Amino acid sequence: MSESSSKGIKESLWDPVAGFGVTFRTMFKKVVTEQYPFEKLPTAPRFHGRHQLNRWPDGLEKCIGCELCAWACPADAIYVEGASNSDAPDADGNSQRFSPGERYGAVYQINYLRCILCGLCIEACPTRALTMTNEYELADNNRADLIYEKSDLLAPLLPGMEEPPHAMRLGDDEGDYYRGNYSARATDPAVVGGEAQAQEQWTSASEKEA
Ligand code: SF4
Ligand code: SF4
């Protein structure tokens, strides 16, 4: 038998059997297919998903509008405009304080058409204002809705938190906030309590681990 005819027999008889052998073996292996979107499985705990702008336990914002996250971003996906806090009431008598200290993030946008979820921005943030959640469903059918505004990114108000603007409830200055010295003004568990306190403890523990 010539070499070419033996090669032809192998291709026509043996190779299909070998191919179906792979299929047959796979039938008895554990199924790894995920039935997304009908079944949503939890991500790895450190999965990089949608960003979140965090709050202090009294509801004030942690962002100080410094723009370090925007400068660190390799995709130019973040836009920040800072503004000054003030303890003087405005014309309606309302507080103009959104964060402890001098400045806060007045405008904050992340463009998820550009973001590659690399996490460099959260490494750059000096106040742990910016972190990433595990939320990964960021698809949409138009460009405008993929530019997330500050209101889309701010952490929800937990029990014990108050919507800014308002005065500093936890200390006399921003140093009390950054040192966790909340006894200066607030010892009432209704002010620093419940889930808000748990969130603060979790953030402090994460910073010590880092
Ligand atoms: S995760 Fe990366 S690409 Fe996305 S905004 Fe942050 S630094 Fe920019
Ligand atoms: S999120 Fe952090 S790095 Fe970005 S502007 Fe706010 S404080 Fe600065």
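Under the annotation held in an unreviewed UniProt entry, the protein carries the name NADH-quinone oxidoreductase subunit I and is attributed to Nocardioides glacieisoli. UniProt's Subunit (unreviewed entry) comment on the protein is quoted here verbatim: "NDH-1 is composed of 14 different subunits. Subunits NuoA, H, J, K, L, M, N constitute the membrane sector of the complex."

Some thoughts on the overall build of the protein
Along its length, the protein carries six helices and five strands. Ordered by position from N to C terminus, the α and β elements of the protein give α-β-α-β-β-α-β-β-α-α-α. Considering the protein as a whole, with its 210 residues, one finds that 20% of them fall into the buried category.

Considerations on the UniProt feature "binding site: [4Fe-4S] cluster 2" (unreviewed entry) in the protein
Sites flagged by UniProt as "binding site: [4Fe-4S] cluster 2" (unreviewed entry) map to Cys73, Cys115, Cys118 and Cys121. With the annotated positions falling across 49 residues, the maximum pairwise C-alpha distance of 10.4 Å places them together in a single cluster. Mapped onto the secondary structure, Cys73 falls in the loop between α2 (68–72) and β2 (78–84). Contact partners of Cys73, with chain neighbours within four places excluded, come to Ile78, Leu120 and Cys121. Residue classification places Cys121 among the buried residues on the basis of 24 C-beta atoms within 10 Å.

A closer look at the site of ligand 2
Surrounding ligand 2, one finds 14 residues, the nearest of these being Cys63, Cys66, Cys69, Cys125 and Leu130. Residues that form the shell around ligand 2 fall into these classes: ten nonpolar, three polar and one charged.

Considering the UniProt feature "binding site: [4Fe-4S] cluster 1" (unreviewed entry) in the protein
With numbering aligned to this structure, UniProt lists the feature "binding site: [4Fe-4S] cluster 1" (unreviewed entry) at Cys63, Cys66, Cys69 and Cys125. Taken along the chain, the residues just named run across 63 residues; in space they keep tight, none of their C-alpha pairs more than 10.4 Å apart. Following the sequence through the fold, Cys66 ends up in the loop between β1 (51–53) and α2. If we ignore the near neighbours within four places in the chain, the residues touching Cys66 are Gly82 and Pro126. For Cys69, the location among the structural elements is in helix α2. The exposure class assigned to Cys69 is buried, which follows from the 24 C-beta atoms found within 10 Å. Excluding its chain neighbours within four sequence positions, the residues that come into contact with Cys69 are Ile78, Cys121, Ala124, Cys125 and Leu130.

Let's talk about the nonpolar core
Counting 22 residues, the largest nonpolar core has Cys63 and Ile78 as its most contacted members. Only β2 and β3 (103–111) provide two or more residues apiece to this core. Ranked by residue count, the leading element in this core is β3, at three residues. When residues no more than four places from it in sequence are discounted, the contact partners of Ile78 are Cys69, Ala70, Cys73, Ile110 and Cys121.

Things to note about the sheet that holds β2
If you walk across this open sheet you meet the three strands as β2-β3-β5, and the pairing is antiparallel. Strands at the two margins of the open sheet, each flanked by one partner only, are β2 and β5 (147–148).

Quick notes on unusual backbone geometry
Geometrically, the link from Tyr36 to Pro37 is a cis peptide bond, its omega value of 5° lying close to zero. Structurally, Pro37 can be placed in the loop between α1 (3–26) and β1. Note that the residue after Pro164, namely Pro165, is joined by a cis bond; omega there is 5°. Relative to the helices and strands, Pro165 is located in the loop between α4 (150–153) and α5 (174–178). Of note, the phi angle at Asp76 is positive, near 55°, even though the residue is not glycine. Inspection of the secondary structure puts Asp76 in the loop between α2 and β2. A positive phi angle, close to 55°, is found at Leu117, a residue other than glycine. The class of Leu117 is partly exposed, set by 16 C-beta atoms lying within 10 Å.

Calculation notes
- Residues numbered from 1 in each chain as written.
- Chains lettered and ligands numbered in written order.
- Predicted model: local features only at pLDDT ≥ 70, side-chain atom pairs only at ≥ 80, totals over all residues.
- UniProt positions renumbered as here; feature names shortened; annotations may be inferred.
- Helix = DSSP H or I, 4+ residues; strand = E, 2+ residues; numbered from the N terminus.
- Buried ≥ 20, exposed ≤ 12 C-beta atoms within 10 Å, placed from the backbone.
- Contact = placed C-beta atoms within 7 Å.
- Near = placed C-beta within 6 Å.
- Nonpolar A, V, L, I, M, F, W, Y, C, P; charged D, E, K, R; others polar.
- Core = buried A, V, L, I, M, F, W, Y, C linked by C-beta atoms within 7 Å.
- Pairing = 2+ DSSP bridges.

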